[in-house]
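Okay, here's what each chain looks like letter by letter:
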Amino acid sequence: MPGHQVPPPYDPGLQAERTVLAWSRTAFALLVNAILWLRTGMADGDRALLLFGVALLALAAGFHFCGKRRGRALMNGARPIPAHPALMGALASGAALACLLAAVASACVGKA
Amino acid sequence: MAVSADIIDTPGVETMQHGRRPSWQQEGTEPDYRFSLANERTYLAWIRTALSILAGAVLVHQFASRLQPRGLVLAGTVLLCLLAAALCGLAYFRWRANEIAMRHAEPLPFPHVIPLLSVCLLMLGIFVGAMVAIA
């Protein structure tokens, strides 16, 4: 709820901050992959690869957005603390699907 | 620690940010928040490992154009992508297993994925080294 101020929990280990940074690092790792595939798509003039790169960009944005929301919830002292399994499962499946699509793409492209 | 007293889970509580949780996440007691968040960061680290392997696969596919035979290079690339996909799935199941173990104050499950990953990468290193040496 916006405007609903809860004092942040005592956190000398900066747990929330480190967790948010881990989320954004992961989003960056996806961003790098997205750029690599966009580059491949542009170099080969392949629409499907460009589309794949855009999908990876969207997934990176998803990770970034989830991380931001998670950080806000943690710093506001939201309960319960553990992440929602649906969120973790959805992101892991998204990343796994991207890897499988990459396997298919790299088998089909650049045989010469 | 004083904080842990008020962290005890209240099952059935639903908020707008958190939908209904599965039963395994309502059994036992909620672990210390530091452990939950460390588990979450470990999950993210596994996802990043998978993404680094994926990026490596793309780089080999795109830039190792002089490495012959091409078919073998492509096969290696596909295998790397599949390894990355497997790591993404394992990241989730490992996070879940750790979470369950912590809720019941049991020992954390042995990370079988670590020797698996090491062996895969070792074999890949030897394989690529041999290919470069031959070419």
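Residues numbered from 1 in each chain as written. Chains lettered and ligands numbered in written order. Predicted model: local features only at pLDDT ≥ 70, side-chain atom pairs only at ≥ 80, totals over all residues.

(A) Expanded view of the nonpolar core. Ranked by internal contacts, the top residues of the largest apolar core, which has 50 residues, are C99(A), A50(B), L54(B), A84(B), C88(B) and A91(B). For this core, the elements supplying multiple residues, two or more each, are helix 1 (15–44), helix 2 (47–75) and helix 3 (85–108) of chain A together with helix 1 (33–63) and helix 2 (70–103) of chain B. Leave out the neighbours within four places in its chain, and C88(B) touches A92(A), A95(A), A96(A), C99(A), I47(B) and A50(B). (Core = buried A, V, L, I, M, F, W, Y, C linked by C-beta atoms within 7 Å. Buried ≥ 20, exposed ≤ 12 C-beta atoms within 10 Å, placed from the backbone. Helix = DSSP H or I, 4+ residues; strand = E, 2+ residues; numbered from the N terminus. Contact = placed C-beta atoms within 7 Å.)

(B) Molecular detail of the confidence of the model for chain B. For chain B, the mean per-residue pLDDT works out to 84, and 87% of the residues sit at or above 70. pLDDT under 50 marks residues 1–17 of chain B. Its contacts with residues more than four places away, or in other chains, come to 17 contacts. (pLDDT = per-residue confidence, 0-100.)

(C) Structural view of the interface of chain B and chain A. Contacts between the two partners involve 45 residues from chain B, matched on the other side by 39 residues from chain A. Of all the secondary-structure elements, those providing two or more residues to the side of chain B that touches chain A are helix 1 and helix 2 of chain B. When the residues that make up the side of chain B that touches chain A are grouped by side-chain class, the tally is 25 nonpolar, 10 polar and 10 charged. (Nonpolar A, V, L, I, M, F, W, Y, C, P; charged D, E, K, R; others polar.)

(D) Structural detail: the packing of helix 1 of chain A against helix 2 of chain A. Residues and elements named next belong to chain A. It is at 8 Å that the axes of helix 1 and helix 2 come closest, and there the two elements cross at 170°. When the interaxial angle is binned, helix 1 and helix 2 end up roughly antiparallel. Of the residues that constitute the contact of helix 1 with helix 2, the class distribution is 21 nonpolar, 10 polar and 2 charged. (Axes fitted to C-alpha atoms, helices over the stretch in contact; angles between N-to-C directions. Parallel < 35°, antiparallel > 145°, perpendicular 65-115°, else oblique.)

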